[in-house]
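# Results of the structural survey
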Amino acid sequence: MRIDDKDDAHIRTLYETARTAGIDFFDHADIYGGSMHHCEARFADALQLTSSERDEIVLQTKCGIVPSQGMFDFSYAHIVAQVDAMPASTRAIQTVIG
């Protein structure tokens, strides 16, 4: 989700509208939002999902593009480094990593 320029209320409205329409899949990437992991953190911080709410959705994030080097890196080391770099707010939404 490209939500970097949205305030918390707008993000919650987008999320609630999507859920009402039956959407339960939300897509992120580590590069969305102009800085690494920004949109993932915005999503988590704005929504503050309960564990039961989190269980009702699929939250996908991806990595592999390295903007600073203009390349792709799908190595094990890069993927693990990006997971480790995820902000605490993202981890707080109780995402299963694996």
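For the structure, see preceding data.
Presented here is a report on the structure given in the accompanying data block. (Residues numbered from 1 in each chain as written. Predicted model: local features only at pLDDT ≥ 70, side-chain atom pairs only at ≥ 80, totals over all residues. Heavy atoms only, no water.)

### Side note on the environment of Ile11
What counts, and what does not: Numbered from the N terminus, helices here are DSSP runs of H or I no shorter than four residues, and strands are runs of E no shorter than two. Should any heavy atoms of two residues lie within 4.5 Å, those residues are counted as being in contact.
Relative to the assigned elements, Ile11 resides in helix α1 (residues 8-20). Between the C-alpha atom of Ile11 and that of Ala46, which follows or precedes it by 35 residues, the distance is 6.5 Å. With residues up to four places along the chain from it excluded, the contact list for Ile11 reads Ile3, Lys6, Arg42, Ala46 and Leu47.

### Some details on α1
This is how the line gets drawn: The span one expects for a helix is its residue count, reduced by one, times 1.5 Å. For every residue, the accessible area (1.4 Å probe, protein chains only) is compared with the maximum for its type, and the residue is labelled buried under 20%, exposed over 50%, or partly exposed between those bounds. The arc in question is traced by the directions running from the helix axis to the C-beta atoms. Within 3.5 Å is the distance limit for a polar contact, defined as a pair of N or O atoms, with the added protein rule that one can donate a hydrogen and the other accept it, and that residues adjacent in sequence qualify only through two side-chain atoms.
Between its first and last C-alpha, α1 extends 18 Å over 13 residues, near the 18 Å set by a 1.5 Å rise per residue. Buried residues of α1: Ile11, Tyr15 and Ala18, and no others. Seen from one end, α1 has its buried residues packed into an arc of 65°, which puts them on one side. Across α1 from its buried face, at more than 90 degrees, point the exposed residues Thr17 and Thr20. Where α1 begins, the side chain of Asp7 points an oxygen toward the backbone nitrogen of Ala9, at a separation of 3.2 Å.

### Focus: the packing of aromatic side chains
Operational definition: Only centres within 6.5 Å qualify two rings of Phe, Tyr or Trp (six-membered ring in Trp) as a pair; their planes then separate them into stacked at under 30 degrees, edge-to-face at over 60, and tilted for everything else.
For the structure shown, the criterion picks out 4 aromatic pairs. Ring centres 5.1 Å apart and planes at 35° place the aromatic pair Tyr15 and Phe26 in the tilted group. Pair noted here: Tyr15 is in helix α1 and Phe26 is in strand β1 (residues 25-27), with a separation of 11 residues, a long-range link. With relative accessibility at 9%, the residue Tyr15 sits in the buried group. Residue Phe26 is classed as buried on the basis of its relative accessible area of 3%. A ring pair is formed by Phe72 and Phe74, whose centres lie 5.9 Å apart and whose planes are at 20°; its orientation type is stacked.

None of this, on its own, says anything about what the molecule does.
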